[in-house]
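Each chain, written out:
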Amino acid sequence: MATWKDINRLVDLMGGSHLSDTMDQVVVSGSEPDRKQKIFIAYEVMKPDFEFVKVMSAFAMVDLVNVEAVVRRVGRLQVGCVSYQYVYENGREVDGFVTLASTTPLASLDLTDGQAHFGIYLNVFGRAADTLEAEFAEPGRPDFF
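Presented here is a report on the structure given in the accompanying data block.

Scoring rules and cut-offs
Residues numbered from 1 in each chain as written. Predicted model: local features only at pLDDT ≥ 70, side-chain atom pairs only at ≥ 80, totals over all residues. Heavy atoms only, no water. Pairing = 2+ DSSP bridges. Helix = DSSP H or I, 4+ residues; strand = E, 2+ residues; numbered from the N terminus. Axes fitted to C-alpha atoms, helices over the stretch in contact; angles between N-to-C directions. Contact = heavy atoms within 4.5 Å. Polar contact = N/O pair within 3.5 Å; in protein donor to acceptor, adjacent residues only side chain to side chain. 1 Å grid on protein atoms, 1.4 Å probe; cavity = no way out; pocket = protein on both sides within 12 Å on 5 of 7 lines; lining within 4 Å. Points joined across faces, edges and corners; volume = space filled by probe spheres on them. Nonpolar A, V, L, I, M, F, W, Y, C, P; charged D, E, K, R; others polar. Phe/Tyr/Trp six-rings, centres within 6.5 Å; stacked < 30°, edge-to-face > 60°. Buried < 20%, exposed > 50% of the residue type's maximum accessible area, 1.4 Å probe, protein only.

This part takes up the sheet that holds strand 3 (residues 36-46). One open sheet holds the six strands; their spatial order is 1-2-3-4-6-5, and the pairing between them is antiparallel. Of all strands in the sheet, those bounded by a partner on one side alone are strand 1 (17-20) and strand 5 (81-89). Across the sheet, the mean angle from the axis of one strand to that of its neighbour is 35°, orientation sign disregarded. Bridge analysis of strand 5 against strand 6 (residues 92-105) gives nine bridges, and the strand direction is antiparallel. Looking at the pairing, Q85 lines up with F97 of strand 6. Across the sheet, helix 2 (residues 67-74) is in contact with strand 4 (50-61), strand 5 and strand 6; its angle to strand 5 comes to roughly 140°. The strands touched by helix 3 (residues 118-136) within the sheet are strand 2 (23-29), strand 3, strand 4 and strand 6, with strand 4 carrying the most contacts at an inclination of about 25°.

This is the structure we're talking about:
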């Protein structure tokens, strides 16, 4: 059974950063040699004490993609699902990202072998998100996420 501190240690091993007490970030290699992909790892609790790890990686701005095409494409992936991440400005929703996301109970993770399982999953997840970014982002736009 893993703890949030175990996830933090794995993030350290992967050269990531701790953005807050409940949010970490790692950057992994993308689908091409010159590409990278940011992955955010969040600690969430469902009351009373059911702990989750949520993994998410943005790959497009919601107003710049055909969401139906994204859903059809992501439905064929072996990792993650389509999610939406709000962007707020002055307490008002102004925009949002389409993300690849995955949530798993923290208690189901076994990090005794560290990088061998969850670390590999994060790399596979990041490559999948980067492939989606390359496919759906605005043509000619540099690697953004």
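There's more to say after this.
A few words now on the environment of V65. Position of V65 among the secondary structure elements: in the loop between strand 4 and helix 2. Spatially, the C-alpha atom of V65 lies 7.1 Å from that of A137, the residues being 72 residues apart in sequence. Beyond its immediate chain neighbours, meaning those up to four positions away, V65 contacts A60, V70, V98 and F136.

Bringing the side chain of D24 into the picture now. The topology assignment puts D24 in strand 2. Polar side-chain contacts of D24 include one of 2.6 Å to the side chain of N8.

Take the layout of surface pockets next. Of the voids in this model, the largest pocket is the one considered here, and its volume is about 220 Å³. As for the largest pocket, its lining consists of eleven residues, of which F40, A58, Q85, F97 and F145 are closest to the centre. Among the secondary structure elements, those contributing two or more residues to the lining of the largest pocket are strand 3, strand 4 and strand 6. Looking at the lining of the largest pocket, the element that brings in the most residues is strand 4, giving three residues. Partitioned by chemical class, the residues of the lining of the largest pocket number seven nonpolar, three polar and one charged.

Looking now at the pairing of strand 1. Pairing of strand 1 with strand 2, which is carried by three bridges, proceeds in the antiparallel orientation. If you follow H18 over to strand 2, its bridge partner there is D24. Count of turn residues in the strand 1/strand 2 antiparallel hairpin: two residues.

For the structure shown, the criterion picks out six aromatic pairs. Between F50 and F52 the ring centres are 4.7 Å apart and the planes differ by 85°, which places this aromatic pair in the edge-to-face class. Aromatic pair Y86 and Y88: ring centres 5.9 Å apart, planes at 35°, arrangement tilted. When its relative accessible area of 43% is taken as the criterion, Y86 is described as partly exposed. Taken together, the ring pairs in this structure connect Y84, Y86 and Y88 into an aromatic cluster.

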